[in-house]
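Examining the three-dimensional arrangement
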Amino acid sequence: MLTLESTTPAEEGANGLSTLLEGTASMLRAVTRFRPEEDFIRYALDNSAIVAVTDVRGTITYVNGTFCEISGYTQSELIGSNHRMLKSGLHDTDFFRAMYREIAQGRIWHGEICNRRKDGSLYWVDTAIVPHISEKGKADSYTSIRFDITARKQLEVELRASKEHLKHLANHDPLTDLPNRRCFQEFVEATVARHSGAGRSFHLALLDVDTFKEINDSFGHHAGDQLLQTVAARLTAHCPRDGFIARLGGDEFGIILIDASPAAAAAILEGILQSLRQPIEIGVNTRRSSASLGVAVFPRDGRNSEALMKAADLALYHAKALGRDRYELFQPALREAAERRSELLVEIEDGLRRDSFLLHYQPIVARNGGQISLEALMRWRHPQRGLLTPGAFEEGFSDPAVRAALGLFMLERVFQDFSRSPARDLPLGRIAMNLTNSDFRSDAFVDRFFALCTETGISPQQFSVEVTEGMFLGSHQKRVEDGLQRLHDAGVEIALDDFGTGYASLTHLRQLPLDRLKIDRSFVSNMATSREDRAIVRGIVEIAHSLGKLVTAEGVETLEQVELLCAMGCDHLQGWHFGKACAPDRLPDVLSSLAF
């Protein structure tokens, strides 16, 4: 009766294919020791496994047909050769030393081995090597039983590659192949943890491409993508090896400079800006670009990742406000200003809820004695600071959502004020409202305007809307133009406010639906003493009239200014000389006493 030896620790826990290997190996060891039914066992193995026998020096003394089939060698090529002829090179010397040490001591070795075929290709086999123990108690040959697991190993490789690919996708930007915002955030947090308490510092910089939107709008998204890829490549080339660069989204990039001195960091950042100023090839076009950088230093400007990112963002905002194409270091005053602005926005929202805002109206007189028009000017009845003009809460208008909310308030309040008596019965020209590009973010403002005209019975021709030159250069330029065209087609007068102080070209006067130009008060205030300002005012009046447009002068405060403007043919005048802005209930008295 055959006695099967118990399994070794290396065999314990094996299942499936491994269990079959161990069972077959135990049977073979029993056969090689006692030899009954040897021919049948070998027949069974030949049809189910890859079998080979070597002597203690590794010389092959037997191989079955399956071994020849998978290796690509014939029996005559294999028998008498050393088993090292199948070596793949994937396993190191220590791997084989451990194997030989195990089987030399008479123990079965089990593991996975990669071999090389005759044609040079690799294959994997799940292997059990069983030592044959002589009567003297020493191993005198080794029988290996193998099963082909190449397909499984290939699947494992593909799964690992897939996992690595998914991990890469989760942490990298697909356009530039730089780390993404998530990866950047993790790196910042890890860097903070390493530097905390160690007396070490690092710089965190946020970068925005200044001309990205212009290039994207002019040449299309493909050109924008090409610009971002170029920026990424130049950042990579100018960042030290121990630095870290990421694309955070859109045209924003993040940069970490580890242990750089202030002078070294300044040199690196200036180098980055200089590299981004170099011409960029976009298709067949060559364009110049630039970038703005905001920089925060750990731990001076923040002791955690959130504080550092906020500090760098404030510095970036400051760099843009100063003209762009530069870098700015964070200063505590920037945080203080941001906190004041945040508090102001909260107060404005609270004021809107409490109905603390109201409108005052300033007269606009006609040079020829025609009807008096009015401009609606916002006021805020602040609980602590009293009645405020827009200049006192100007920072609030930098927030698009607040601008839109204040714009809708003004629209509703103007109709409310002039749908009541006695204001409804006043002999007025037009009522002017100041608009911003936030009023055109959607169709809500213009749609509401027409709805209020229907509800109150006040004609659109009773209104004038004042816009500034900068509104035609913003991200909502097309919406602004379309909205103004709808108003103009309905009879609303369109006035260009603060003319001469912004970015408008004479082309705007020809292409946009403008009916009136308003000369900025800065030219009017000095025209009595400045020949240059008089020439500018006269030129504006002549250009406007030659294009069939009316002119209003703002900031008129003296009789001398009135006489000069009338002599130049200015159509309407507005300023303290005629009257300050007042509440709507005082308008009847103000208008009745108004003298030109």
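Above this note sits the structure.
Residues numbered from 1 in each chain as written. Predicted model: local features only at pLDDT ≥ 70, side-chain atom pairs only at ≥ 80, totals over all residues. Heavy atoms only, no water.

Remark: the centre distance and the inter-plane angle together describe each pair of aromatic rings, the angle taken between the planes. Evaluated as defined, the whole model comprises 15 aromatic pairs. Aromatic side chains W380 and F393 sit 5.4 Å apart centroid to centroid with 90 degrees between the ring planes, which places their arrangement in the edge-to-face category. Taken together, the residues W380 in strand β14 (residues 372–382) and F393 in the loop between β15 (386–388) and α13 (400–418) connect sequence positions 13 residues apart. Comparing W380 with F393, the two get one shared label, buried. Taken together, F357, W380, F393, F397 and F409 form an aromatic cluster joined through their ring pairs. (Phe/Tyr/Trp six-rings, centres within 6.5 Å; stacked < 30°, edge-to-face > 60°. Helix = DSSP H or I, 4+ residues; strand = E, 2+ residues; numbered from the N terminus. Buried < 20%, exposed > 50% of the residue type's maximum accessible area, 1.4 Å probe, protein only.)

The strand order across the open sheet formed by five strands is β2-β1-β5-β4-β3, and the pairing between neighbours is antiparallel. If you trace the sheet from one side to the other, it starts and ends with β2 (60–63) and β3 (109–116), each paired once. For this sheet the average axis-to-axis angle between neighbouring strands, irrespective of direction, equals 30 degrees. Where helix α5 (residues 93–104) meets the sheet, it contacts β3, β4 (122–133) and β5 (139–148), and its direction lies at approximately 135 degrees from that of β3. Along the sheet face, helix α6 (residues 150–171) touches β3, β4 and β5 and points at about 130 degrees away from the line of β4. (Pairing = 2+ DSSP bridges. Axes fitted to C-alpha atoms, helices over the stretch in contact; angles between N-to-C directions. Contact = heavy atoms within 4.5 Å.)

Attention now goes to the sheet that holds strand β11 (residues 291–298). The strand order β7-β8-β6-β11-β12 describes an open sheet built from five strands, whose pairing is mixed. The open sheet is flanked by β7 (244–249) and β12 (327–329), the only strands paired with a single partner. Each neighbouring strand pair of the sheet contributes to a mean axis angle of 20 degrees, computed without reference to strand direction. Two strands pair when backbone bridges link them, and strand β6 (residues 202–209) and strand β8 (residues 252–258) are joined in this way by seven bridges, in the antiparallel orientation. If you follow H203 over to β8, its bridge partner there is L257.

Take the pairing of strand β19 (residues 516–519) next. What you see with β19 is no split at all: R516 and K518 on one side and L517 and I519 on the other are buried throughout. Here strand β18 (residues 493–499) pairs with β19 via three bridges, running parallel. Bridge pairing links F499 to I519 in β19.

By the secondary structure assignment, D520 is in the loop between β19 and α17 (521–526). One buried charged residue, D520, remains without a salt bridge, the closest side chain of opposite sign being R521 at 5.6 Å. One polar contact links D520 to S522, side chain to side chain, over a distance of 2.5 Å. The residues touching D520, leaving out its near neighbours within four places in the chain, are D498, F499, T501 and E554. (Lys, Arg positive; Asp, Glu negative; His and termini not counted. Salt bridge = Lys/Arg side-chain N within 4 Å of Asp/Glu carboxyl O. Polar contact = N/O pair within 3.5 Å; in protein donor to acceptor, adjacent residues only side chain to side chain.)

Within the fold, D447 resides in helix α14 (residues 444–456). Sequence-wise, D447 and I215 are 232 residues apart; in three dimensions their C-alpha atoms are separated by 32 Å. Looking at D447, its side chain comes within polar contact range of the side chain of R486, at 3.1 Å.

Another point: the state of the cysteines. Using the criterion set out here, one finds zero disulfides in the structure. C183 takes part in no disulfide bond, and the closest cysteine sulfur to it belongs to C239, at a distance of 14 Å. The exposure class assigned to C183 is buried, which follows from its relative accessible area of 16%. Owing to a relative accessible area of 12%, C239 belongs among the buried residues under this scheme. (Disulfide = S-S within 2.5 Å.)

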